[in-house]
Amino acid sequence: RRVFRFHPGPIFGNVVLADEINRASPRTQSALLEGMQEGQVTVLGETRALPDPFWVLATQNPIDQEGTFPLPEAQLDRFLFKLQVPRVQPGVLVDILGGLTRPVVEPLLPDVAALRALFAAVEGVFLAKAVAGYIARLVDATHPDSAGCPEALRKWIRLGSSPRGAIAIARASRAHALMRGQANVGFEDVQAVAPWALNHRILLDYRARLDGQDGHSVVAALLKATDPVGALPPEIRR
């Protein structure tokens, strides 16, 4: 008799590359959302854990809109960073062409245990309350109804960042500080990672695009308007 037999698909890997993710159907995007948020997949009512660590790297096609499905805000929020890939310069093209014949990929870490140790080191970087307060005020300023949002930016922002934006900045700031050889997070670490952690978490109004603004320019303006050394929110003063 015929029976269903489960075969692990490509999502069962430590690193998953989703090329042109906006070409995936909404149902596929929803399934990927479970994997990114819960670290598991459910098939025919049975839940299976994904490998640890699990990391999704995705690209989008920004030009061709036919046959694409824009990612919902809930799924964009699961990505730590959104990076803008600029046009390839001639010097980089020369390097690409020179590496086509015999490409060599050198590992940066010997095994998964070393990666877990690196994660533990990142979590050990100290985040002071003053820096946490700066992150909180910066994320709060992304909301147009917040007192911290500059008046000039309110017309451009429809919805601000979720709390995941603050979590993303805190984690990325710790990693940035560790890369600089620092034992604690500084204001400059927050400013270095905030544009990449927030630009996809701010839903812009159509007027922003008419005025030539995007997520990066809005976050840059917020960083300029938000004083790092400000009053701590009442709930974290204790």
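Our subject is the structure listed above.
From a predicted model like this one, the values you see are computed outputs, not experimental measurements.

1. A closer look at the pairing of strand β1 (residues 15–18)
Looking along a regular strand, one sees the side chains alternate between the two faces of the sheet.
Right, on to step 1. The side-chain alternation of β1 yields one buried face, formed by V16 and A18, and one unburied face, formed by V15 and L17.
Right, on to step 2. Sheet analysis places β1 next to strand β4 (residues 55–58), joined by 4 bridges and oriented parallel. Paired with A18 across the strands is A58, a residue of β4.

2. Overview of the packing of helix α7 (residues 163–179) against helix α8 (residues 187–198)
Right, on to step 1. One way to put it is that α7 packs onto α8 with a least axis distance of 8 Å and a crossing angle of 135 degrees. When the axes of α7 and α8 are compared, the pair comes out oblique. Where α7 crosses over α8, the handedness of that crossing is right-handed. Contact with α7, carried on its side by G165, A168, I169, A172, S173, H176 and A177, involves D189, V190, A192, V193, A194, A197 and L198 of α8 and no other residues of that element.
Right, on to step 2. Residues that form the contact of α7 with α8 fall into these classes: 10 nonpolar, 3 polar and 1 charged.

3. Here we look at the nonpolar core
Right, on to step 1. Grouped together as the largest cluster of nonpolar side chains are 30 residues, with contacts concentrated most on I135, I169 and V190.
Right, on to step 2. Contributing elements (two or more residues each) for this core: α5 (129–140), α7, α8 and α10 (215–225).
Right, on to step 3. Apart from residues lying up to four places away in sequence, V190 is in contact with V131, Y134, I135, L138, I169, S173 and V185.
Right, on to step 4. Core analysis: the second largest hydrophobic core is formed by 9 residues, V16, I21, M36 and L71 among them.

4. Overview of the packing of α5 against α8
Right, on to step 1. At a closest axis distance of 11 Å, the pairing of α5 and α8 adopts a crossing angle of 30 degrees. Taken together, the axes of α5 and α8 lie roughly parallel to each other. As for the relative orientation of α5 and α8, their crossing is right-handed in sense. Of the residues in α8, those in contact with A130, V131, Y134, I135, L138 and V139 of α5 are F187, V190, Q191, A194 and L198.

Reading the values: the criteria
- Sequence positions are assigned chain by chain, starting from 1 and proceeding in written order.
- It should be noted that, the model being predicted, local features are given only for residues of pLDDT at least 70 and side-chain atom pairs only at 80 or more, the latter also being counted only at that level, while totals for whole chains, interfaces and linings use all residues.
- Note that the side-chain values use all heavy atoms of the structure and ignore hydrogens as well as water.
- Only protein chains enter the calculation, and the probe is 1.4 Å; a residue is then buried if its accessible area is under 20% of its type maximum, exposed if over 50%, and partly exposed in between.
- The numbering of helices and of strands both runs from the N terminus, where a helix is a DSSP run of H or I of at least 4 residues and a strand a run of E of at least 2.
- When DSSP finds two or more bridges between a pair of strands, those strands are recorded as paired.
- Helix axes are fitted only over the stretch in contact, all axes being lines through C-alpha atoms; the angle between N-to-C directions runs from 0 to 180 degrees.
- If an angle is under 35 degrees, it is roughly parallel; if it is over 145, roughly antiparallel; if it lies from 65 to 115, roughly perpendicular; otherwise it is oblique.
- Here a crossing is called left-handed whenever its near helix is offset anticlockwise from the far helix by less than a right angle, and right-handed whenever the offset is clockwise.
- It only takes one pair of heavy atoms within 4.5 Å for two residues to be counted as in contact.
- Gly is placed with the polar residues, together with every amino acid not listed as nonpolar (Ala, Val, Leu, Ile, Met, Phe, Trp, Tyr, Cys and Pro) or charged (Asp, Glu, Lys and Arg).
- Side-chain atoms within 4.5 Å link the members of a nonpolar core, which is a set of buried Ala, Val, Leu, Ile, Met, Phe, Trp, Tyr and Cys residues.

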